[in-house]
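A structural walkthrough
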Amino acid sequence: MKTSTKTTYAGRLRRRVRVLWCVAALMLAYMVIVGETGGDSRIMSQLAQIVSRVIFFGGLAWVAAAIVRTNKLLKNRAAMRESQLQELDERNRYLHDKSGGTVMDILLLILLFTTLTAALYNMPAFYTSFALLAAAVLLKGGAYLHYSRASKE
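Keep in mind that what you see is a predicted model, and the values were worked out from it rather than measured.

1. Here we look at the overall build of the protein chain
- A count of helices and strands for the protein chain gives six helices and zero strands.
- Written out in order from the N terminus, the α and β elements of the protein chain read α-α-α-α-α-α.
- When the backbone C-alpha atoms are referred to their principal axes, the protein chain occupies close to 50 × 40 × 35 Å.
- Counting all 153 residues of the protein chain, 28% fall into the buried class.
- On the protein chain, roughly 10,800 Å² of surface is accessible, and the fraction owed to carbon and sulfur atoms is 65%.
- Separation between the mean location of the 20 positive side-chain charges and that of the 9 negative ones in the protein chain comes to 7 Å.

Pasting the structure below:
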């Protein structure tokens, strides 16, 4: 078993950039695969078209922005220290954990992928997945707001 190695914050940021590049490549490969397997836009409702575009292109824009932001942090030591302090801040970690933490973040990513895929192939599945995605976002947002107000008191 590998022992825990202490990586520097800069090393974690570099690894984060590599992972984000892999995510961008996977998203582009997904787009090609869907195009080749024939996701039929003629059967898509107006809502499904809008949601699928927002999820895919919004996600791609978010990944690109995260890569740029992280690369800027790597070049500026003061900003890197500030970012590290913000990530290690107890209140931010408390709010993230109380609003579902990493498990909820992974669930949201799975629901985004499922909703996007369902929008391209099956409208009843899309509406079900979209409702679950909306419920999960509302639950996470509501919990975050609730605990952020409670932690200020």
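2. Topic: helix 3 (residues 77-88)
- The end-to-end C-alpha distance of helix 3 is 16 Å, a good match for the 16 Å that twelve residues give at a rise of 1.5 Å each.
- Sitting at the head of helix 3, N76 places a side-chain oxygen 3.2 Å from the backbone nitrogen of A78.

3. Digging into the nonpolar core
- Among the nonpolar cores identified, the biggest contains 25 residues, and Y30, M44, A48, V63 and F126 are the most heavily contacted of them.
- Secondary structure elements with two or more residues in this core: helix 1 (9-37), helix 2 (46-75), helix 5 (101-121) and helix 6 (123-152).
- Those residues in contact with M44 that lie beyond four places of it in its chain are Q49, S52, A119, L120 and M123.
- Among the nonpolar cores identified, the runner-up in size contains five residues, and Y9, A10, L73 and M80 belong to it.

Conventions and cut-offs
Residues numbered from 1 in each chain as written. Predicted model: local features only at pLDDT ≥ 70, side-chain atom pairs only at ≥ 80, totals over all residues. Heavy atoms only, no water. Helix = DSSP H or I, 4+ residues; strand = E, 2+ residues; numbered from the N terminus. Buried < 20%, exposed > 50% of the residue type's maximum accessible area, 1.4 Å probe, protein only. Areas by Shrake-Rupley, 256 points an atom, 1.4 Å probe, with all protein chains shown as cover. Lys, Arg positive; Asp, Glu negative; His and termini not counted. Charge placed at Lys NZ, Arg CZ, Asp CG, Glu CD. Expected span 1.5 Å × (residues − 1). Polar contact = N/O pair within 3.5 Å; in protein donor to acceptor, adjacent residues only side chain to side chain. Core = buried A, V, L, I, M, F, W, Y, C linked by side-chain atoms within 4.5 Å. Contact = heavy atoms within 4.5 Å.

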